[in-house]
Each structure stands twice: as C-alpha cells, then as structure tokens.
Amino acid sequence: MDNQDNQRRKSSTLVVHLNHLAIVHLTCMVLYRIILDKLDNSKTPAATEEEEEDNEKKKKKKREIQISRDGLLLDLVRSEKCRDIIRMNPRAFFILCRKLEVIGGLKATRQLSVQEQVARFLYILGHNTKHRVMSFFFHRGRATISRDFHRVINALVQLEATYFKQPDGSSTPSEITNSHRFNPYFKDCVGSIDGTHFRVKVNSKEAPKYRGRKDIPTMNVLAACTPDLKFTYILVGSPGTASDSKIMKNALGRRYPLTIPQGKYYLVDAGFMLKSGLITPYRGERYHLKEYSVNPPQNYRELFNLRHSSLRNSIERAFGVLKKRFPIIASGTEPHYNKETQKLIILACCILHNFLLDVDPDNEILAEVDRELANARSRNPQAFNGPDEDENDSMLGEMIRDRIANEMWNDYTLSLGL
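Just so we're clear, the structure is a prediction, and the values are computed from it rather than from any experiment.

**Student:** Mind showing me how you'd approach the pairing of strand β2 (residues 218-225) here?
**Tutor:** Side-chain direction in a regular strand flips from residue to residue, so the side chains alternate between the two faces of the sheet. Summarising burial for β2: eight of the eight residues are buried, a large majority. Burial along β2 is two-sided: Thr 218, Asn 220, Leu 222 and Ala 224 and Met 219, Val 221, Ala 223 and Cys 225, pointing in opposite directions, are all buried. Summarising the sheet, strand β1 (residues 189-199) and β2 pair through eight bridges and their orientation is antiparallel. By the bridge assignment for β2, Thr 196 is matched with Val 221.

Structure representation (structure tokens):
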C-alpha cells in the first residue's frame, strides 16, 4: 500500500515539474519574440521615417490636387467664359446638376462631387475632347474619366420623359397663331420632321450599311420639333443608307411610336411620303428666299412651298443649334466611341438642347445658324415622295395641302389687290 502511495506522489510531482517547464518555455519564447522585435525596430528607424515622410508627401499632393480641382470648378462657374467652356451659364449648370441628382439618380463618389462629374462631361460634349486629354488635365485615370462619363450620360437619359413631350394637338403653337403668313392656314400643324446624319464608328462588316451620301459611315437620326425649336421625338440608330420614308414608317410602327394627333399634321420635306398627317411641298415647284421680291410667287403652289419651307425651317434651325453647341456629334472625324455609346450621346445632346432652350437660350448661336440658312441656296424639292401603302390617306393629304394652298393664295392675291 505504501509503495502505491509513493508511486502516486512521484507521478504527481513529475506532472507538476513538466507543467512548470512548459510555462517557462512559453515565457522564454514570448520574451525572445519581444526582444527580436525591439532589435528590428532599433536597426531600421530611418526606413520607417522615410515611409512616413513619403506617406505625408502623398497625402499633401492629394490635398493639393483636390484643392486645384475645387478651385478650377469655382473659377469656371465664376468665369464670363463659362458658356464657352461647358455650353451653359452657371445658373443653368447648377440647375442641371440638381436635376441629375433628383431625377437621374447621379450621386457623388468618395472623391468626386456631382458638380465635377457634370462639368467634365459637359466639357467633353462641348469640345469633343478625348478621355486621355481629360485624364491629364484633371489628374484622374482614364478608367475613372470613362466611368464617370458613362455615369453622367446614364443619368442624363433618365430625363428623356421630362424634356421630350409629343404634342397632343390641343393648342396651336404661338409661332403660328402670331403670324399672318401662317395663321390660319397651318393652324393644325403641330411641328416639323426631318432627318440628319451623324458620323458613327462601326466595324468593317457593318460599314457598307452605314455608309451614307458622303461615303462615310453615318447614322440617320429622325427628329420632330415644335416651331420653338424644341425636340419632341427622336429616333436614333438608323443606318446612313436608310431613306427618310423608311425611317418614318419605322417610327410610326414602333412600340413607342411617333404619334400624330387626330386631325393634325407635321410638315416634312419631299423625301417623305404625303399623308394626312405628313404634309410635303409640291414637287417641281421653285422655292423663294423672299415672299415679296422682284420675282414673287406666280401661283398657289409656289406660295405654299415658300411658306411651308419657312415654317418647316424650325427643324433645320434646331439641328443647326444642336450641332453648333455640341461639337462631339458634329465633328467630321470618326467618333471616339462605339455605336451604342454614340446613340446615347446624341440623345443626351438633344435633351440638353431642350433644357437649355428653357434656362439658357444662346441667341448668338441661333443668329449664326439663321445666317447660314439664309445664305444657303434655295432648294428645289425634286426628291421623290416615298411610296405610301395607303392610297386613300395619300389622297387625303393632297386634299389638305390643296385646301391650305388655295386659301393662302386667295388671301395673298387680295392683299396685293390682284
């Protein structure tokens, strides 16, 4: 019995010793690690100081760049050249930024305000500047510039429903009611429609389909506008080889179509089909630059063509202002963006055009466009009117046109005492 007790006491003593040894070993390892760390720190104090100095320099440079960006934006909105730089005055700029936030969902990032994003975007539209150039001047990476550009354009197209409203025909535009040359003859006119071409970047396989009249790939854009030059409908993306009549047929039959109010019509040029809702000029009749001249209109057809052209001129003026304000879509060189992005850019520019007509109309650009159109040679509308599958509707269109032209001619001859 005593032997067993002695054996148990020896075993317990051995366990206690082993535990003590384990604790001592662990303590030594911890102390050894602490000593090594202190030795390492004592050996490389200069390296740590250099790193801290480099970090401070980087932070300082970032602060300086941010201050430079903020100062540049502040200088911009205070400058008299603000409209030249971002194509609008400071008031319009801040209104646009607010609308893009509230309606378009545009948000500031950790390092980038909404105002800087919008200002850069507008500068690119107004000067057709490449992203690598913007990257240099704004101290941002090209990927950041590109990402922010698409963020703003996606927010801007959310404003489409706000700024594109098709007329319901409930009222006659004031530009018609206030003119004795147009009222009451065109009282049922709700606007004008035409197409225009923009350069587009496509691959070699698609190029033949998009190669238009100038033998370069273009996109034929159909647009409707009211006499006050505001776009009410835009159809973007048709190939340059597509005719106006074909694009019009597509516009009328789409899921979200161009709508013509009952009993109303748009004025179009001779490249379109004549219908009750689309009134073309008479073919084979001359145009006049002035109504009262040494060589006045000789018959009702000539007079109708003259006034038809004068009123339909609103769509040409709208396109002219649009292209002068935003060179990114008016450049004769190949775009920097692919076809899908170019479609968004055209749509965005049209939205901005309508927005600016309300808050910051540029009378200088409009006057310049009017001078160019006035100096252009008058056109003889010999283009073939597109085929119309509904002959009855075409005949109705002829009746509407003849009625307007005869009424107009009767009043015109009476005013001259003929």
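**Student:** So what exactly am I meant to see when it comes to empty space enclosed by the protein here?
**Tutor:** To find leftover empty space, a probe the size of one water molecule is rolled over the atoms. The tally for this structure, following the rule as stated, stands at one cavity of 30 Å³ or more. If you add up the space inside the largest cavity, you get close to 40 Å³. Residue lining of the largest cavity: Gln 117, Arg 120, Phe 121, Ile 124, Ile 145, Asp 148 and Phe 149, and that is the complete set. Of all the elements in the fold, those that place two or more residues in the lining of the largest cavity are α5 (114-127) and α7 (142-156). In terms of residues, the lining of the largest cavity owes the most to one element, α5, which gives four residues. Here the lining of the largest cavity is composed, by residue class, of four nonpolar, one polar and two charged.

**Student:** Would you mind going over the pattern of salt bridges with me for this structure?
**Tutor:** Side-chain pairs of opposite charge can arise whenever the charged atoms involved come near each other. Here the structure, examined in full by the defined rule, presents 16 salt bridges. For Glu 116, the salt bridge identified is with Arg 120, shortest N-O distance 3.0 Å. One end of the pair, Glu 116, and the other, Arg 120, are both in helix α5, four residues apart, so they sit about a helical turn from each other. The burial state of Glu 116 is the same as that of Arg 120; both residues are buried. The residue Arg 317 makes a salt bridge to Asp 370 at a minimum N-O spacing of 2.8 Å. Of the two residues, Arg 317 is situated in helix α12 (residues 300-325) and Asp 370 in helix α15 (residues 363-375); the sequence distance between them amounts to 53 residues. The partly exposed category is assigned to Asp 370, whose relative accessible area is 27%. A single network of salt bridges, built from pairs that share partners, joins Glu 116, Arg 120, Asp 148 and Arg 151.

**Student:** Sorry, what's going on with the state of the cysteines here?
**Tutor:** Cysteine pairs can be covalently joined through their sulfur atoms, and such a bond is termed a disulfide. The final tally for this structure, using the stated rule, is zero disulfides. Between Cys 189, a free cysteine, and Cys 225, which holds the nearest cysteine sulfur, the sulfur-to-sulfur gap is 9.6 Å. Here Cys 349 stays free of any disulfide, with the sulfur of Cys 350 as its closest cysteine sulfur at 7.0 Å.

**Student:** Explain the packing of α12 against α15 here, please?
**Tutor:** In helix packing, the relevant descriptors are the interaxial angle and the interaxial distance, both defined with respect to the helix axes. α15 packs onto α12 with a crossing angle of 125° between their chain directions and a minimal axis gap of 9 Å. As the angle between them shows, α12 and α15 are arranged oblique. Here α12 runs over α15; the crossing is right-handed. Of α15, the residues touching α12 (which contributes Asn 313, Glu 316, Arg 317, Gly 320, Val 321, Lys 324 and Arg 325) are Ile 365, Leu 366, Glu 368, Val 369, Asp 370, Glu 372 and Leu 373. Among the residues making up the contact of α12 with α15, the classes are represented as five nonpolar, two polar and seven charged.

**Student:** Explain the environment of Val 359 to me, please; I cannot follow it from the model alone.
**Tutor:** Following the sequence through the fold, Val 359 ends up in helix α14 (residues 339-359). Val 359 sits 270 residues away from Asn 89 along the chain, and the two C-alpha atoms are 9.0 Å apart. The residues contacting Val 359, other than those within four sequence positions of it, are Asn 89, Arg 91, Ala 92 and Ile 95.

**Student:** I'm lost on α5 in this one. Help?
**Tutor:** It helps to recall that an α-helix has 3.6 residues per turn; residues three or four apart then point in one direction. In this model α5 runs 20 Å from its N-terminal to its C-terminal C-alpha over 14 residues, within 8% of the 20 Å that 1.5 Å per residue would give. Across the 14 residues of α5, eleven count as buried, placing the element largely inside the fold. Along α5, the residues classified as buried are Val 114, Glu 116, Gln 117, Val 118, Ala 119, Arg 120, Phe 121, Leu 122, Ile 124, Leu 125 and Gly 126. Where α5 ends, the next residue or the one after it, Asn 128, has phi of about 55°, a positive value.

Cut-offs applied
Residues numbered from 1 in each chain as written. Predicted model: local features only at pLDDT ≥ 70, side-chain atom pairs only at ≥ 80, totals over all residues. Heavy atoms only, no water. Buried < 20%, exposed > 50% of the residue type's maximum accessible area, 1.4 Å probe, protein only. Helix = DSSP H or I, 4+ residues; strand = E, 2+ residues; numbered from the N terminus. Pairing = 2+ DSSP bridges. 1 Å grid on protein atoms, 1.4 Å probe; cavity = no way out; pocket = protein on both sides within 12 Å on 5 of 7 lines; lining within 4 Å. Points joined across faces, edges and corners; volume = space filled by probe spheres on them. Nonpolar A, V, L, I, M, F, W, Y, C, P; charged D, E, K, R; others polar. Salt bridge = Lys/Arg side-chain N within 4 Å of Asp/Glu carboxyl O. Disulfide = S-S within 2.5 Å. Axes fitted to C-alpha atoms, helices over the stretch in contact; angles between N-to-C directions. Parallel < 35°, antiparallel > 145°, perpendicular 65-115°, else oblique. Left-handed = near helix turned anticlockwise from the far one by under 90°. Contact = heavy atoms within 4.5 Å. Expected span 1.5 Å × (residues − 1).

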